[in-house]
Amino acid sequence: MGLRLRLGLRLGIVALTITLLSTSVLSDLLLSKVDRRVDLTSQIVRITSTLKVENAGFDLVSDVLLAFPELQARKLAYLTATLIEGKGKVKNAGVSLPIEVANPKGMPPALKIYSVSLPMALGQGNSLTLDVLAVYTHTLQPFPEKITQSDIQLVLFQDSAHYLSPYPAKVQSLSIKLPVDRIESYTKLENTKSHGSEIKYGPYENLPPFSYLPIVIHFEFNQPFAVSQDVVREIEISHWGCVQITEHYNIIHAGAKSKGEFSRLDYQARAHIRGASAFRHLVAKLPPSAHSIYYRDEIGNISTSNLWGDTKKKELLIEPRYPLFGGWRTAFTIGYGLPLQDFLFESVGKHFLNISFGPPINELVVNNLIVKVVLPEGSGDISISTPFPVKQGQETKISHLDVVGRPVVVLEKGNVVPEHNQYFQVYYRFNKLSMLREPFMLISGFFFLFVACTVYMHVDLSISKSSASYLAKLQWDEVRATIQQVESIINQLLEAHEKLEASLCDLSRTGDIQACKMARKTADMFLKEQSKELKTLFSFLQSSPSAAHIVSKVEDLVLRERELQERLIAKHTTVVDCYERKFASREIEARVAPLEQKIIALRKEVEDLLEYIDEI
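Residues numbered from 1 in each chain as written. Predicted model: local features only at pLDDT ≥ 70, side-chain atom pairs only at ≥ 80, totals over all residues. Heavy atoms only, no water.

Peer 1: So, empty space enclosed by the protein: which residues are in play, and what are the values?
Peer 2: Evaluation of the coordinates by the stated rule reveals 2 cavities of 30 Å³ or more. Approximately 190 Å³ is the volume attributed to the largest cavity. Along the wall of the largest cavity there are 18 residues; nearest its centre are Arg36, Phe68, Gln72, Tyr136 and Tyr163. Those elements giving two or more residues to the lining of the largest cavity turn out to be strand E2 (45–55), strand E3 (61–69), strand E8 (127–136) and strand E11 (154–160). When its volume is computed, the second largest cavity comes out at roughly 40 Å³. The residue makeup of the lining of the second largest cavity, split by class, is 6 nonpolar, 2 polar and no charged. (1 Å grid on protein atoms, 1.4 Å probe; cavity = no way out; pocket = protein on both sides within 12 Å on 5 of 7 lines; lining within 4 Å. Points joined across faces, edges and corners; volume = space filled by probe spheres on them. Helix = DSSP H or I, 4+ residues; strand = E, 2+ residues; numbered from the N terminus. Nonpolar A, V, L, I, M, F, W, Y, C, P; charged D, E, K, R; others polar.)

Right, dumping it as structure tokens:
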């Protein structure tokens, strides 16, 4: 009730203001017949007014004024006037007439006036018929403003039963088409009829100028309230044969906001009852030649979309990942390619793109539409032709294989409806030889790559063999090879040590003294040979300047290994001698214990030195 009261007060103020103006007549024009048809079957309100205009004065009249309340004019998205030619049943719609905002004297700010320019002045007693189409957005107001999942959506629509005009009207009628026949309430006036989903007001006769009679209709409306806050439509031209379209949408359900919890189970079971106010899909009407079509969001490709079409049309069914209730949002991207020859033409030495302006989705309201036309690199002398005013700009886009970037024509318009989906043209000059730039860059890049590889394979990039750095590198390589040989010999000596230890273990187990002596003899011969070779290698390291920083560690390693070797031989001799004298095990262990401790310490030092030298 509060919303209705506010609406009633606003309409009353407008009606009072207009009543004060009813005494002034701008010209001798009169409307002999007015037939208004209001279409409320979608969220976009379309009002078609057929006006039969007659000149009852003596002066020629070259324009017709259209009046709109300021509150209504703010929501006006599209306005056109067409001259109807012919009489009776044989009537043809002529060309659209130019319309511009007018500021006649004596008009208050409560009204906004548009002027329709006639193709020729209307003389005394002559008449003509105009079809005026006014398209409004955000006019239907949800009431209540919040509903649950199971509630139906109700909206309010307010207008005037009388046609608001600065001219008197002899006969006027109004018909309002609703989406369904469920009407909660409507303003009942004289000559009002309601039949199914249609309400008729009138006919009303002899209405004075600026006549205004407020009406309010409260009815069920479960059609999609799809509103896109922003749409970025990028059209990229490639003279290699394709026009690529990419459209980014950010859509909200602008109807009654959803309150309470959402039950997926209830929605799946009875979607027509438990989700009547939600919309599940949108339909995009694409050109029949569209190809390579995709539909995705931030997560990835959405497989619930469907595509069908024939030689005359192609439709993409866009189904979001979840149903949209009031206040819910979704964002997605659609893209497709178009053949170049169907949209790019030549005229007077210029190329021009002829393509539709608005997005292809049915009954979508776009609060702000940005159309970007990406021209080929090197394009110049750019001009634009649009069927309605738009904000124009230009920027540059850097893409693959670009040098200076591609010029981008940026067109921006607010409050866009499907009626704006008209063709516009972008003219530019482009030298066809510029098409060879990118292939030439690719060919040149691969050519220079192959040349560089060939040069690299055939040119000796090594350091000169007579330079000091090259000689130092050779000396260090010799030192490194010698150190590796030293490490290998030390490891072999350690293995021989382990074999000596193993012979003592066999002696304690079997008591075979002769076998133990034979193992000792073999080890002595091997140790002697390796020691001689180790001495030769160590002498080379002492004589090499490149080994000065490591020779001390190698010397310590050789000395520690020799000391370890002497301790092992002493241990072996002591154990064999004790077994020959048939000493007890405890006495043998007591005699070799000091030697065993020293052997363990020496073996640890040898291993540490080996690890240190290996790191160097």
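The discussion continues.
Peer 1: Can you break down the side chain of Glu220 residue by residue, with the values?
Peer 2: If you trace the backbone, Glu220 turns up in strand E16 (residues 214–220). A polar contact of 2.8 Å, which involves the side chain of Glu220, links it to the side chain of Asn222. Contacts of Glu220, omitting those with residues within four sequence positions, involve Ile152, Gln153, Leu154, Pro179, Val180 and Arg182. (Polar contact = N/O pair within 3.5 Å; in protein donor to acceptor, adjacent residues only side chain to side chain. Contact = heavy atoms within 4.5 Å.)

Peer 1: Please give an account of the UniProt feature "transmembrane region" (unreviewed entry) in the protein that cites residues and values.
Peer 2: In this structure's numbering, the residues bearing the UniProt feature "transmembrane region" (unreviewed entry) are residues 440–459. A distance of 28 Å separates the end C-alpha atoms of residues 440–459, which is 95% helix and 0% strand. (UniProt positions renumbered as here; feature names shortened; annotations may be inferred.)

Peer 1: Before we move on, can you summarise the packing of helix H8 (residues 551–580) against helix H9 (residues 585–615) with the specific residues and values?
Peer 2: Relative to each other, H8 and H9 sit at 155 degrees, their axes nearing to 9 Å. Classified by the interaxial angle, the pair formed by H8 and H9 is roughly antiparallel. At the point where H8 passes H9, the crossing takes the left-handed sense. When grouped by side-chain class, the residues that make up the contact of H8 with H9 number 18 nonpolar, 1 polar and 12 charged. (Axes fitted to C-alpha atoms, helices over the stretch in contact; angles between N-to-C directions. Parallel < 35°, antiparallel > 145°, perpendicular 65-115°, else oblique. Left-handed = near helix turned anticlockwise from the far one by under 90°.)

Peer 1: Lay out the side chain of Glu561 with the relevant residues and their values.
Peer 2: Turning to its location among the elements, Glu561 is positioned in helix H8. Buried and without a salt bridge, Glu561 has Arg562 as its closest oppositely charged side chain, separated by 6.0 Å. Discounting chain neighbours no more than four positions away, the residues touching Glu561 are Ile490, Leu493, His497 and Val606. (Buried < 20%, exposed > 50% of the residue type's maximum accessible area, 1.4 Å probe, protein only. Lys, Arg positive; Asp, Glu negative; His and termini not counted. Salt bridge = Lys/Arg side-chain N within 4 Å of Asp/Glu carboxyl O.)

Peer 1: How would you sum up the packing of helix H6 (residues 468–510) against H9? Please name residues and give values.
Peer 2: For any two helices packed against each other, one specifies the inter-axial angle together with the distance between the axes. One way to put it is that H6 packs onto H9 with a least axis distance of 11 Å and a crossing angle of 155 degrees. Between H6 and H9, the interaxial angle falls into the category roughly antiparallel. As for how H6 packs across H9, the hand of that crossing is left-handed. Between H6 and H9, the residues in contact are Ile483, Glu487, Ile490, Asn491, Leu494 and Glu501 and Ile599, Arg603, Val606, Leu610, Ile613 and Asp614, respectively. Looking at the contact of H6 with H9 residue by residue, the class counts come to 7 nonpolar, 1 polar and 4 charged.

Peer 1: I'd like a description of the domain arrangement of the protein, backed by residues and values.
Peer 2: If you check the domain split of the protein, you get domain 1 (29–220), domain 2 (226–436) and domain 3 (470–615). Domain 1 and domain 2 are separated by 32 Å when their C-alpha centres are compared. Surface buried jointly by domain 1 and domain 2 totals about 2,000 Å² across both partners, of which 52% is contributed by carbon and sulfur atoms. For the domain 1 face of the interface with domain 2, the top three residues by lost area are Gln43, Tyr78 and Gln149, together amounting to 32%. At the junction of domain 1 and domain 2, the tally comes to 2 salt bridges. In this structure, Glu363 engages Arg46 in a salt bridge whose closest nitrogen and oxygen atoms are separated by 3.1 Å. (Domains from an automatic or database assignment. Buried area = accessible area lost by both parts, 1.4 Å probe.)

Peer 1: Tell me about the sheet that holds strand E21 (residues 291–296), and please be specific about residues and values.
Peer 2: An order of E21-E24-E18-E17-E27-E30-E29 is seen for the 7 strands of this open sheet, with the pairing classed as mixed. Strands at the two margins of the open sheet, each flanked by one partner only, are E21 and strand E29 (391–397). Put simply, the sheet's adjacent strands are angled 15 degrees from each other on average, direction ignored. By the bridge criterion, 8 bridges tie strand E27 (residues 365–374) to strand E30 (residues 406–416) in an arrangement that is antiparallel. Paired with Asn368 across the two strands is Gly414, which belongs to E30. (Pairing = 2+ DSSP bridges.)

Peer 1: Account for the pattern of salt bridges, naming residues and giving values.
Peer 2: This model, assessed by the stated rule, comprises 27 salt bridges. Here Glu501 and Lys571 are joined by a salt bridge, their closest N and O atoms 3.1 Å apart. Of this pair, Glu501 sits in helix H6 while Lys571 sits in helix H8, and the two are 70 residues apart along the sequence. Ionic pairing is found between Glu596 and Lys571, a salt bridge with its closest N-O pair at 2.4 Å. Remark: Lys571 occurs in helix H8 and Glu596 occurs in helix H9; sequence separation between them is 25 residues. Put simply, Glu234, Glu236, Lys397 and Arg406 are held in one network by salt bridges that share partners.

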